[in-house]
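Coordinates in review
Listed below, chain by chain, are the residues.
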Amino acid sequence: VRESEGVRTVHRSTIPAHRASRAGVLLLLVCSCVSVLANPSAPTLRAESPGCTRSRSMSKDAGAEEAALLKDTVESVLVKSVEMPPEAIIVKGYDFNNGVDHNALLSSFLTSGFQASNFGMAVNEINRMRAWRLSDDPIAEDEDDELKDMEVRSKIKSTIFLGYTSNMASCGVRETIRYLCEHKMVDVIVATAGG
C-alpha cells in the first residue's frame, strides 16, 4: 500500500494472475479499511496489478458511502473483545517441565481445547460413573424396602456399558478393552460384528 497526494494505491504484484481478482479484492478491502480509518478524507482509491491498472476517483457521495461501508466492514471483522464469563474454562496445556505425570497429563486434556477437551470431559464422566453409588441419590418415596438401607445403597454401583465397533478389537485398542474387562471396569459390552 502506498499513499501519496491523497491517493491510496494497492500493489498486487505478488498475487498469481488466476487469483488476482479474488485475492486482490480482499487485499484491497483490508488495506482500504485500514487506510480509511487512518485517513478517511483521502478522495481516491486506486488498485494496480501487473497488466491491469484500475483507478477511480470518488465523488463526495460515493466516497462517503464507501467510507461507511468500510467502517461497517471493519466493525464486523474487528469485533471488540468481551470479558470471558467467570465459569469459562481457561485453555491451558500440560507443562512437561514438571516431569511426566500421566494422571496430570490426562487431566490437562480437559483444558487443552479441541478434541482433547472432549477427551477430558469423557474422562470426567467415566470417573463420575465409577464413583457413583445409589447412596448418592435421595431415597424415593416408592423405593423398595431393601434399597432404603444406606449400607445396601452404598454397595450399589452404576452399570457401565462399553460400546465399540468391531474394528477396534482388531487393532491395538483390543488390549485396552481386555484390561477394562479383566479388571471389572465395565459391566456390559456392546460391539458390532465383523473384525
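Residue positions within a chain follow its written sequence, with the count starting from 1. Reporting of local features is limited, given that this is a predicted model, to residues whose pLDDT is at least 70; pairs of side-chain atoms are given and counted only at 80 or more, and all residues count toward the totals for whole chains, interfaces and linings. Heavy atoms throughout the structure, all of them, feed into the side-chain values; hydrogens and water do not.

What about the pairing of strand β5 (residues 161-164)?
The criterion, for reference: With a 1.4 Å probe rolled over the protein chains alone, any residue whose accessible area is under 20% of its type maximum counts as buried; one over 50% counts as exposed, and the rest are partly exposed. What counts as a helix is a DSSP run of H or I of at least four residues, what counts as a strand is a run of E of at least two, and both are numbered from the N terminus. Pairing between two strands is assigned when DSSP locates at least 2 bridges connecting them.
Residue alternation in β5 divides its side chains into a buried set, L162 and Y164, and an unburied set, F161 and G163. Examined bridge by bridge, β5 and strand β6 (residues 188-191) share four bridges and lie parallel to one another. Opposite G163, over in β6, you have V190 as the bridge partner.

Notes on unusual backbone geometry
Its identity is not glycine, yet F114 carries a phi of approximately 55 degrees, on the positive side. Within the secondary structure layout, F114 lies in helix α4 (residues 114-131). Classification of F114 by relative accessible area gives exposed; the value is 79%. The backbone of K184 shows a phi angle near 55 degrees, a positive value even though the residue is not glycine. Relative to the elements of secondary structure, K184 occurs in the loop between α7 (174-182) and β6.

Looking at a negative patch on the surface
Selection rule: Residues enter a patch when their relative accessible area is above 30% and they make no salt bridge; the linking distance is 9 Å between like charges and 5 Å between nonpolar side chains (Val, Leu, Ile, Met, Phe, Trp, Tyr). Areas reported here follow the Shrake-Rupley algorithm with a probe of radius 1.4 Å; residue values treat only the protein chains shown as occluding. Any Lys or Arg side-chain nitrogen located within 4 Å of an Asp or Glu carboxyl oxygen qualifies as a salt bridge. Within this scheme the basic residues Lys and Arg register as positive and the acidic residues Asp and Glu register as negative, but His and the chain ends are omitted. Every charge is mapped to an atom, namely NZ of Lys, CZ of Arg, CG of Asp or CD of Glu.
Where like charges cluster on the molecular surface, the negative patch consists of E141, D142, D144 and E146. The class of E146 is exposed, set by a relative accessible area of 59%.

Examining the confidence of the model for the chain
The condition is simple: How sure the predictor is of each residue is captured by pLDDT, a score from 0 to 100. Two residues qualify as a contact provided that any one of their heavy atoms is within 4.5 Å of a heavy atom in the partner residue.
Averaged over every residue, the pLDDT of the chain is 76; residues scoring 70 or more account for 69%. Counting interchain partners and residues more than four positions distant, the pLDDT-below-50 stretch residues 7-25 has 42 contacts.

Some points on the pattern of salt bridges
Applying the stated rule across the entire model yields seven salt bridges. As a salt-bridge pair, K155 and E151 come within 3.7 Å of each other at their nearest N and O atoms. Linking K155 with E151, this pair stays in helix α5 (residues 150-155), spanning four residues, or about one helical turn. Residue classification places K155 among the exposed residues on the basis of a relative accessible area of 59%.

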